Number of protein chains: 4
Amino acid sequence: MFTFKIEPRFSETDALGHINNTSLPVWFEEARTDLFRIFNPSLKRETWNLILKKYEVEMLNQIVHGKPVTIETGIQRIGGSSFVVHQKASQNGLDVAIGESLMVYFDYKTLSPIQIPGEIKQRLLEHTLEPEA
Amino acid sequence: MFTFKIEPRFSETDALGHINNTSLPVWFEEARTDLFRIFNPSLKRETWNLILKKYEVEMLNQIVHGKPVTIETGIQRIGGSSFVVHQKASQNGLDVAIGESLMVYFDYKTLSPIQIPGEIKQRLLEHTLEPEA
Amino acid sequence: MFTFKIEPRFSETDALGHINNTSLPVWFEEARTDLFRIFNPSLKRETWNLILKKYEVEMLNQIVHGKPVTIETGIQRIGGSSFVVHQKASQNGLDVAIGESLMVYFDYKTLSPIQIPGEIKQRLLEHTLEPEA
Amino acid sequence: MFTFKIEPRFSETDALGHINNTSLPVWFEEARTDLFRIFNPSLKRETWNLILKKYEVEMLNQIVHGKPVTIETGIQRIGGSSFVVHQKASQNGLDVAIGESLMVYFDYKTLSPIQIPGEIKQRLLEHTLEPEA
């Protein structure tokens, strides 16, 4: 699992006084950076090879400004050309949100999915979630 | 169903040249505004009474800058204190994304869900999706 | 002058209840779109030829969610390879913000400023501000 | 001077491949957090007492994704109820942007500026910029 720390930004609060729900996909995307490096170590756009097909965010508790949020990221499932990422955000010892995203290994030239090479699968397997998680 | 038009912003593009996936929850939230008015006509935060519990976004096609996006919003299911909103974004005649969100009628003072009054349910029913949708 | 209408987004409010100041550069950028089309009619990134060198935002009044904002955009000054854009945002009949930005006609291949062609200058002159503005 | 480190987010890149200019006010606002704590240690909105009147951003070099940005923040000038903050962002040893903002000590109940107390002025003076800066 990857651990990532984020400081909620003041501009991410909304009129209800908490962090607006739309920041979660942004944070979860950032927290997947180390995962992106497995596929594209330089993170350069010329060699970018992943596409986000679907994601889900569940809000568990209100998130406040002024305290760091910790995001844990793990692999839930690996398919032929795609994989599912599971993420959990917590703040102040409390779980605040869950994220799940379906990523596809993708060729931006032909605009089509490609098989994940065995070597990368191996690397992903090092970050799979424990069965009980 | 409510129809909402949005102009993708240049700052919403990303290095891959298309609209970044994190804009979709922002757009879908905007497209739910007329729905919010059913619960809170003034949209003022003092009387705000909804909370987003969960949402899902599925990307169907790349979204580009420079062309308007149309979002259609309808009610999929109504429960005691919650309801599910289904949304579809299209651009240039092509479906580009699907959104689904679980909203809860919520008392921000007691921080707990409340029953949706019959009058509001009636208004929501006017915007339910066709069975075949 | 160009006129542009924008609907403040709920996610652009902050915990103080009003629109956060960081949305203004986003809105002003959007309101310059018709200006960008003079330089790059397709708005495509392959032919993009402007760079923002400097900008200034002055907040005149608090901006609220739920009411449209009108932005007027005009050319204030034209130089050899650059020009200054003046913008005014108003809401509900009240001026709420002023923006000024210095744009440079720019070659992204050589990463250097280039002279604005006479034909484009002519088009810009049609959008200059009145002396008394 | 305060030093603040920020990781540019992928969603902050734009179609030109670099970080969009509109992220700078967001980053500069975050980098002023320690300054905000001098005025409002809890950072809570109920006791918030500053308003941003004006700001200026100058882009010096393109900012890329994948490398941290360091922001240095200092006080440039202190008036009766306002003060000017000067900020410099650098990446990879290169200055990339300069920010200047005019903050006003503000009473959100009466919606009017108030005099900065001597004790706070004293704290601000500890963060003034060197004359040669």
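Higher on the page you've got the structure.
What you see is a predicted model, and the numbers here were worked out from it, not measured in a lab. (Residues numbered from 1 in each chain as written. Chains lettered and ligands numbered in written order. Predicted model: local features only at pLDDT ≥ 70, side-chain atom pairs only at ≥ 80, totals over all residues. Heavy atoms only, no water.)

A. Looking closely at the relation of the copies chain C and chain A. Here chain C sits on chain A after a turn of 180° about the axis and a move of 0.0 Å along it, with an RMSD of 0.0 Å. Taken together, the turn and the small shift mark the pair as related by a two-fold rotation axis. No C-alpha of chain C approaches the rotation axis more nearly than that of Asp 14 of chain C, which lies at 1.9 Å. (Least-squares fit on C-alpha atoms with pLDDT ≥ 70 in both.)

B. Local environment of the interface of chain D and chain C. At the junction of the two partners, chain D supplies 24 residues and chain C supplies 24 residues. Around 2,300 Å² of area is buried between chain D and chain C when both sides are counted, 53% of it from carbon and sulfur atoms. Per-residue buried area on chain D facing chain C is highest for Leu 16, Lys 53 and Tyr 55 of chain D; these three make up 24% of the total on that side. Across the pair Lys 54 of chain D and Glu 56 of chain C runs a salt bridge, and its minimum N-O distance is 3.6 Å. Those elements that provide at least two residues to the side of chain D that touches chain C are helix 1 (23-31) and strand 2 (50-59) of chain D. At eight residues, the largest contribution of residues to the side of chain D that touches chain C is made by strand 2 of chain D. For the side of chain D that touches chain C, the class distribution of residues is 13 nonpolar, five polar and six charged. Sheet analysis places strand 2 (residues 50-59) of chain C next to strand 2 of chain D, joined by five bridges and oriented antiparallel. Bridge assignment links Tyr 55 of chain C to a residue of strand 2 of chain D, and that residue is Val 57 of chain D. (Contact = heavy atoms within 4.5 Å. Buried area = accessible area lost by both parts, 1.4 Å probe. Salt bridge = Lys/Arg side-chain N within 4 Å of Asp/Glu carboxyl O. Helix = DSSP H or I, 4+ residues; strand = E, 2+ residues; numbered from the N terminus. Nonpolar A, V, L, I, M, F, W, Y, C, P; charged D, E, K, R; others polar. Pairing = 2+ DSSP bridges.)

C. Fine view of the layout of surface pockets. The computed volume of the largest pocket comes to approximately 780 Å³. Lining the largest pocket are 30 residues, and of these Arg 45 and Glu 46 of chain A together with Leu 16, Gly 17 and His 18 of chain D sit closest to its centre. Of the residues contributing to the lining of the largest pocket, the split by class is twelve nonpolar, nine polar and nine charged. (1 Å grid on protein atoms, 1.4 Å probe; cavity = no way out; pocket = protein on both sides within 12 Å on 5 of 7 lines; lining within 4 Å. Points joined across faces, edges and corners; volume = space filled by probe spheres on them.)

D. Representation of empty space enclosed by the protein. One pass over the structure, following the stated rule, counts five cavities of 30 Å³ or more. Lining the largest cavity are 28 residues, and of these Val 26 of chain A, Val 26 of chain B, Val 26 of chain C together with Ser 11 and Val 26 of chain D sit closest to its centre. Taken together, the elements giving at least two residues each to the lining of the largest cavity come down to helix 1 (23-31) of chain A, helix 1 (23-31) of chain B, helix 1 (23-31) of chain C together with helix 1 of chain D. Residues that form the lining of the largest cavity fall into these classes: four nonpolar, 16 polar and eight charged.

E. A look at the side chain of Asp 14 of chain D. Structurally, the position occupied by Asp 14 of chain D is in the loop between strand 1 (2-6) and helix 1. Here Asp 14 of chain D is buried and forms no salt bridge, its nearest opposite-charge partner Arg 45 of chain A lying at an N-O distance of 7.0 Å. Reaching out from Asp 14 of chain D, the side chain makes a polar contact with the side chain of Asn 20 of chain D at a distance of 2.8 Å. Discounting residues that sit within four places of it in the chain, Asp 14 of chain D has contacts with Phe 10, Thr 13, Asp 14 and Ala 15 of chain B together with Asn 20 of chain D. (Buried < 20%, exposed > 50% of the residue type's maximum accessible area, 1.4 Å probe, protein only. Lys, Arg positive; Asp, Glu negative; His and termini not counted. Polar contact = N/O pair within 3.5 Å; in protein donor to acceptor, adjacent residues only side chain to side chain.)

F. Quick look at helix 1 of chain C. By the criterion of burial, helix 1 of chain C is predominantly enclosed, with nine of the nine residues buried. Buried residues of helix 1 of chain C: Ser 23, Leu 24, Pro 25, Val 26, Trp 27, Phe 28, Glu 29, Glu 30 and Ala 31 of chain C, and no others.

G. Broad picture of the relation of the copies chain D and chain C. Here chain D sits on chain C after a turn of 180° about the axis and a move of 0.0 Å along it, with an RMSD of 0.0 Å. In this assembly, 100% of the residues forming the interface of chain D have copies in chain C that are likewise at the interface, indicating an isologous arrangement.

H. Local environment of the pattern of salt bridges. Within the structure shown, the criterion is met by 17 salt bridges over all chains. Of the charged contacts in the structure, one is a salt bridge between Glu 12 of chain D and Arg 9 of chain A, with a shortest N-O distance of 2.7 Å. Here the residue Glu 12 of chain D occupies a position in the loop between strand 1 and helix 1, and Arg 9 of chain A occupies one in the loop between strand 1 (2-6) and helix 1, the pair thus bridging two chains. The class of Glu 12 of chain D is buried, set by a relative accessible area of 9%. For Arg 9 of chain A, a relative accessible area of 6% translates into the label buried. Among the ionic pairs, Asp 34 of chain C bridges to Arg 37 of chain C, the shortest N-O distance being 3.8 Å. One end of the pair is Asp 34 of chain C and the other is Arg 37 of chain C, both in helix 2 (residues 33-39) and three residues apart, which spans about a single turn. The exposure class assigned to Asp 34 of chain C is partly exposed, which follows from its relative accessible area of 36%.

I. Structural view of the interface of chain C and chain A. Each partner contributes to the interface: chain C provides ten residues, whereas chain A provides ten residues. Carbon and sulfur atoms make up 60% of the area that chain C and chain A hide from each other, which totals about 780 Å². Together, Phe 10, Ser 11 and Ala 15 of chain C form the three largest contributors to the area buried by chain C at its contact with chain A, with a combined 50%. Put simply, chain C and chain A have zero salt bridges between them. Class assignment of the residues belonging to the side of chain C that touches chain A gives a composition of three nonpolar, five polar and two charged.

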